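# Fold and contact review
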Amino acid sequence: MPSSIVVPVIDVHSNNFKELWPAMVVAIKTSSFIAIDTELSGLGNRKSLLAESIEDRYKAICHAARSRSILSLGIACYKKLDQKPPDSYLVQVYNLTLLCSEEYIIEPQSVQFLVQHGFDFNKQYGSGIPYCKGNNKGGSDDRGVHIRTLFTELLRARKALVLHNGLIDMAFLYQSFYAHLPERLATFTADLSEMFPAGIYDTKYVTEFELRLTASYLEYAYKKCKLENSRSVTSGSAGPHVHLEFCQYAGDLSTYVDYRQCPAVTSIEGHTDVCQRFSAFGWCPNGTKCPLSHDTDLIILQDEKGKDEKRKKRKRRREKKGSSDIAEDCSAFDGTPKDKIPNMEADKEEAAGDQMEAHEKSRTDGNSRMDDGWDTKTDDEEENGVGEETNPGDSAASAGEGTGVRSAESKAEAKKKADAGSHRAGFDAHMTGYIFAYACALLKKEAEPGPEGADAESEESWLPICVNKIYLSGKAAPLNVVKSTFAKSSKAHVQKMEMVWGQKM
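Residues numbered from 1 in each chain as written. Predicted model: local features only at pLDDT ≥ 70, side-chain atom pairs only at ≥ 80, totals over all residues. Heavy atoms only, no water.

Moving on: the overall build of the protein. In terms of helices and strands, the protein carries 19 helices and 12 strands. Here the protein holds 505 residues, and the buried ones make up 60% of them. Taking the contacts inside the protein whose residues are at least 6 apart along the sequence as the reference set, 82% of them involve residues at least 24 apart. When the accessible surface of the protein is totalled, it reaches about 20700 Å², and 51% of it is carbon and sulfur. (Helix = DSSP H or I, 4+ residues; strand = E, 2+ residues; numbered from the N terminus. Buried < 20%, exposed > 50% of the residue type's maximum accessible area, 1.4 Å probe, protein only. Contact = heavy atoms within 4.5 Å. Areas by Shrake-Rupley, 256 points an atom, 1.4 Å probe, with all protein chains shown as cover.)

Next up, the structure:
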């Protein structure tokens, strides 16, 4: 039977930032890869974000990043565990509430969405971690306990960075914690390629082009990967099996933890009328007022049922007409319901919905979790019974964090505290990391065996076929994060890299 999990998300704000600083730095430095997600105060003009020209899109994103702000930042550190089953990870998740110290625009739709999903603006203005955007203002970014220093630690760690539809995220991170965004897209990608030498991975691209899921918005992709992983475990197959462990927090640290609950996908009776727009793009213009179901569990199960029926029809057709029709019946999107139009073929309006989902960053207008009717924070379980995800008492020791071990007694309280009713960038980062971990396990298994030592090499590069490929809504090809021979790095970036690495690039 599919399992459920409870994910501990550490709530970080100005009152406990210094206390949690050592643990966060150790988690970043010892991780194998890091997944990030953001909540934004808005995105600005949506049409410009979907401009035909990628350079024009970039200009619109720059304008948004310079005039809006990051409200919260989710960081999920995935550390691969040695002497454990393959694809086992220790996961530490942080949700940082931030407050930009400069003037910024906040859009009414952003406020409405975030409030509906439990975002506490009183808490943000009362105890948000302050930061200034653009180039460093006063003091060095590599000293002190502040968010820009944490971003510098992230760069110094040289870990693979994972995002979901990450172009907007990357622009906001660069503008908010690094330097003023360069004017040209080629300069921006050149800078990114040097900032993250271990590579940037976009799970939106992975799910669209490699996993070929029926839908690729974050909630759908996460629950689908988790369901397939759980089925693989319970069936006793050879794999791949992703196993998660979480630190257990004792003492004062336990008071900072929110437990995000994600129940397993099971058969659902009752609701059968699924909103086809939400089903395809994770976004519906009617939001919570939509009379049709936005239940992702139901959408996944109906998609699977539809695929089974189509397979049976194709089989009958082949048997009837003969093998000559096989090629005609197959396609790159085999089994995809008619209402699920691939994003590369979507019209402007549909692409807008997908782009907003993909920009799950603002979660305010049309992104995967804005009006989905599902608490993105779900995970009902500490012990799933099948070994998919566990919360062992020695996890903290494995992390080397010194965060303490929670007693067996407090496990029951953790379950009581498990909350599925609010929205957190931290949990979204966890979902992004999980999709990536599952994709790595699955695609590694499907790849043909190479010469001796090839596995170790692919382990280091994670998914070579997906590295530095950022999803572009409505486009058949991704944005490649590379430094071309025709583009130089920005001056601000060169200065920053000299400070980060202690040497010139």
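A few words now on the environment of isoleucine 5. Structurally, isoleucine 5 can be placed in strand β1 (residues 5–12). Remark: the alpha-carbon pair of isoleucine 5 and cysteine 262, spanning 257 residues in sequence, is separated by 5.8 Å.

With 79 residues, the main nonpolar core has Leu96, Phe188 and Phe196 as its most contacted residues. Beyond its immediate sequence surroundings of up to four residues, leucine 96 is in contact with Val12, Phe17, Met24, Leu71, Ser72, Leu73, Ile75, Ile129, Ile147 and Leu150. By size, the runner-up hydrophobic cluster in this structure holds 43 residues, among which are Val7, Phe33, Tyr89 and Leu442. (Core = buried A, V, L, I, M, F, W, Y, C linked by side-chain atoms within 4.5 Å.)

Take the confidence of the model for the protein next. Scored by pLDDT, the protein has a mean of 76; 64% of the residues are at 70 or more. Counting contacts from residues 326–388, a segment whose pLDDT is below 50, to residues more than four positions away or on other chains yields 240 contacts. In this model, residues 414–422 is a region of pLDDT below 50 whose contacts with residues beyond four sequence positions or in other chains number 25 contacts. (pLDDT = per-residue confidence, 0-100.)

Attention shifts here to the packing of aromatic side chains. For the coordinates displayed, the defined rule picks out 20 aromatic pairs. A centroid spacing of 4.8 Å and a plane angle of 75 degrees characterise the contact between phenylalanine 33 and phenylalanine 436, whose relative ring orientation is edge-to-face. A residue pair is termed long-range when its members are at least 10 positions apart, and phenylalanine 33 in strand β2 (residues 33–40) and phenylalanine 436 in helix α17 (residues 425–446) qualify at 403 residues. Judged by relative accessible area, phenylalanine 33 falls into the buried class, the value being 0%. (Phe/Tyr/Trp six-rings, centres within 6.5 Å; stacked < 30°, edge-to-face > 60°.)

Below, the discussion takes up the packing of helix α1 (residues 17–30) against helix α6 (residues 147–157). Where α1 meets α6, the axes come as close as 9 Å, and the angle between the chain directions of the two elements is 15 degrees. In terms of orientation, α1 and α6 fall into the roughly parallel class. In this structure, the crossing between α1 and α6 has a hand that is right-handed. Each of Phe17, Trp21, Met24, Val25, Ile28 and Lys29 in α1 lies in contact with α6, whose residues at this interface are Ile147, Thr149, Leu150, Glu153, Leu154 and Ala157. (Axes fitted to C-alpha atoms, helices over the stretch in contact; angles between N-to-C directions. Parallel < 35°, antiparallel > 145°, perpendicular 65-115°, else oblique. Left-handed = near helix turned anticlockwise from the far one by under 90°.)

Enumeration over the complete set of coordinates arrives at 12 salt bridges. Its salt-bridge partner being glutamate 52, residue lysine 475 comes within 3.0 Å of it at the nearest N-O pair. Taken together, the positions of lysine 475 in the loop between β11 (469–470) and β12 (479–480) and glutamate 52 in the loop between α2 (46–49) and α3 (54–67) put the pair 423 residues apart, joining distant regions of the chain. A residue is classified by how much of its surface remains accessible, and lysine 475, at 17% relative accessible area, is buried. Residues joined by salt bridges that share partners form a network here, namely Arg46, Arg68 and Glu107. (Salt bridge = Lys/Arg side-chain N within 4 Å of Asp/Glu carboxyl O.)

What follows is about helix α10 (residues 218–235). Here α10 spans 26 Å end to end across 18 residues, near enough to the 26 Å set by a 1.5 Å rise per residue. Where burial is concerned, most of α10 is hidden: 14 out of the 18 residues are buried. (Expected span 1.5 Å × (residues − 1).)

With that settled, the discussion passes to the pairing of strand β6 (residues 160–163). Working note: regular strand, side chains alternate between the two faces of the sheet. Every second residue of β6 is oriented toward a common face, with Ala160 and Val162 on one face and Leu161 and Leu163 on the other, all of them buried. Where β2 lies against β6, three bridges are found, and the strand directions are parallel. Across the sheet, residue isoleucine 34 finds its bridge partner in β6, namely leucine 161. Bridge count between β6 and strand β7 (residues 200–202): three bridges; the pairing is parallel. Across the sheet, residue leucine 163 finds its bridge partner in β7, namely aspartate 202. (Pairing = 2+ DSSP bridges.)

This brings us to the packing of α3 against helix α7 (residues 167–177). Following both chains from N to C, one finds α3 and α7 inclined at 45 degrees, their axes separated by 9 Å at the closest point. Relative to α7, α3 is oriented oblique. At the point where α3 passes α7, the crossing takes the right-handed sense. Packed against α3, whose contacting residues are Ile61, Ala64, Ala65 and Arg66, the element α7 presents Leu167, Ile168, Ala171, Phe172 and Gln175 at the interface. Here the contact of α3 with α7 is composed, by residue class, of seven nonpolar, one polar and one charged. (Nonpolar A, V, L, I, M, F, W, Y, C, P; charged D, E, K, R; others polar.)

Here the focus is the side chain of serine 127. As for its placement among the helices and strands, serine 127 is situated in helix α5 (residues 121–127). Contacts of serine 127, omitting those with residues within four sequence positions, involve His13, Ser14 and Asn15.

All right, on to helix α9 (residues 203–210) then. Burial within α9 is extensive, with seven of its eight residues counted as buried. Phi turns positive one or two residues past the end of α9, at arginine 212, with a value near 55 degrees.

This paragraph deals with the pairing of strand β9 (residues 257–262). For β9, a buried count of five out of six residues is recorded, marking the element as mostly surrounded by other parts of the structure. Inspection of the sheet shows β1 paired to β9 by six bridges, in the antiparallel sense. Bridge pairing links proline 8 to tyrosine 259 in β9.

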